[in-house]
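Listed here are the chains, written in short residue letters.
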Amino acid sequence: MTSSHALFERALARIPGGVSSPVRAFGSVGGEPFFVARGEGAFLEDVDGHRYRDYVQSWGASILGHAHPAVVEAVAKAAAEGTSFGVPTAREVELAEAVCERVPSVEKVRLVSSGTEAAMTAVRLARGATGRDKVLKFAGCYHGHVDALLVAAGSGVATLGLPGSAGVTGGAAADTVVVPYNDEAALDEAFARHGEDLAAVLVEPVAANMGLVPPAAGFLAGLRRRCDAAGAILVLDEVITGFRLGPAGAQGRFGVRPDLSIFGKVLGGGLPLAAVGGRADLMDELAPLGPVYQAGTLSGNPLATAAGLAVLARLDEGAYAELEHRAARLAEGLHDAISGEGVSVQVPRVGTLVGLFLASEPVRDYEEARAADQEAYGRLFHGLLRRGVYMAPSAFEALFVSLAHSDEDVDRTVAAAAEAAREVAGEGS
Ligand code: HOZ
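The model shown is predicted, which means the values in this text are computed figures rather than measured ones.

**Regarding helix H11 (residues 302-314)**
Here is step 1: Spanning 13 residues, H11 covers 19 Å between terminal C-alpha atoms, matching the ideal 18 Å at 1.5 Å per step.
Here is step 2: A large share of H11 lies buried, amounting to eleven of its 13 residues.
Here is step 3: Packed against the buried residues of H11 are helix H2 (69-80), helix H3 (90-102) and strand E4 (108-112).
Here is step 4: Where H11 starts, the residue carrying a side-chain oxygen 3.0 Å from the main-chain nitrogen of Leu303 turns out to be Asn301.

In structure tokens form, the structure reads like this:
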């Protein structure tokens, strides 16, 4: 069997950086990525035969754990009937209905293949509907690699310490207004200056691409209020929070009603599927009804809709309660284990979502996230990896617990974290 190292060498020759998406390259934590042979429930197994308790879970997409039998069966059955038609199918309708049933602000849905596409569509739709150009986003929030939204972006852009991306025109960036997360005073200033030109405000209702940063009390309601006053479209990026924080995602949890929402990850059950949805009058601005164009050969793909439906069917109240119990156990355990070794740590948790900063104070925005100890995070990451625990290879991501993680998995993870933190403390942070 080829080793991870040999595969990475080959990959480097033919794939930029050896990876299909930058965070996977281990750039900020050092070392080389492992190559996965298979996943099973809470575990990943690499081609070298190592097994890891996985807290990445395809960046939150695999909420039931890897290779859940119901998902595998649904996808296999769908594949046997044809993998892509470019013609409407019943499951697209069922999935759109399932989203609308769970998320009251969503009256109509357009299925796409990635969160990036969903964000891009939401921005175009907001611009088309309002006739305005500018969009407001928050530093450290990540909405996929859409030109206008890469300015001060989280996730891989943060991981690599970039201010944005080359190749984005000055024009695209000039239409983006960036404000610090959770900063109401800066928001007031931005609205006073640009309010009349704002097509949309995009926000991760719980920021999960600069590590996990919860919204301050009243922050989301304040956004709704300001958007209403300015006539801007409020877009909640629920790619990570959607169907993870509960059936209605973060908007259900925090009681905010956006005009548009974007979803991905959990909704696609581990297959490439995402969606933009919201007010019917806005959604009807999309072609073929309206003038805002959007299209995709693989949109509403039959395998992806089968996976999404299989996952949503399993996410009942009991499932969310179980997931939250496990997330709480992990958050408390990690906090006690790491701080118990004398390493400063913050383990924020919002319901079923967990984050981890090596910092002495709670993190409220991107600047504070960047001030956390990235170098020590890298050492903690590798200490955990050596002990069979895989967390994100970047301090700017969240931890994803799945329904396949047991209490025992969590407890073993916490024990590994204590040992890894002891090493970090011993080496001096
Ligand atoms: N956008 C993902 C993190 N929030 C990273 C995707 C990947 O590298 O696979």
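Past the structure itself, the notes keep going.
**What to know about the pairing of strand E10 (residues 274-278)**
Remark: a regular strand shows side chains that alternate across the two faces of the sheet.
Here is step 1: Most of E10 is tucked away, with five of its five residues classed as buried.
Here is step 2: Pairing between E4 and E10: five bridges, direction antiparallel. Opposite Leu111, over in E10, you have Ala275 as the bridge partner.
Here is step 3: Across four bridges, strand E9 (residues 260-263) lies against E10 in antiparallel orientation. The residue bridging Ile262 from the neighbouring strand is Val276, located in E10.

**Some details on the packing of helix H7 (residues 184-194) against helix H8 (residues 219-230)**
Packed helices, taken two at a time, are described by their axes: the angle between them and the distance between them.
Here is step 1: Taken N-terminus to C-terminus, the directions of H7 and H8 make an angle of 10°; their axes are 11 Å apart at the nearest point. Considering the angle they form, H7 stands roughly parallel to H8. Here Glu184, Leu187, Asp188 and Phe191 of H7 come into contact with H8, specifically with Phe219, Leu223, Arg226, Cys227 and Ala230.
Here is step 2: Residue classes in the contact of H7 with H8 are distributed as six nonpolar, no polar and three charged.

Definitions and cut-offs
- Residues numbered from 1 in each chain as written.
- Predicted model: local features only at pLDDT ≥ 70, side-chain atom pairs only at ≥ 80, totals over all residues.
- Heavy atoms only, no water.
- Helix = DSSP H or I, 4+ residues; strand = E, 2+ residues; numbered from the N terminus.
- Expected span 1.5 Å × (residues − 1).
- Buried < 20%, exposed > 50% of the residue type's maximum accessible area, 1.4 Å probe, protein only.
- Contact = heavy atoms within 4.5 Å.
- Polar contact = N/O pair within 3.5 Å; in protein donor to acceptor, adjacent residues only side chain to side chain.
- Pairing = 2+ DSSP bridges.
- Axes fitted to C-alpha atoms, helices over the stretch in contact; angles between N-to-C directions.
- Parallel < 35°, antiparallel > 145°, perpendicular 65-115°, else oblique.
- Nonpolar A, V, L, I, M, F, W, Y, C, P; charged D, E, K, R; others polar.

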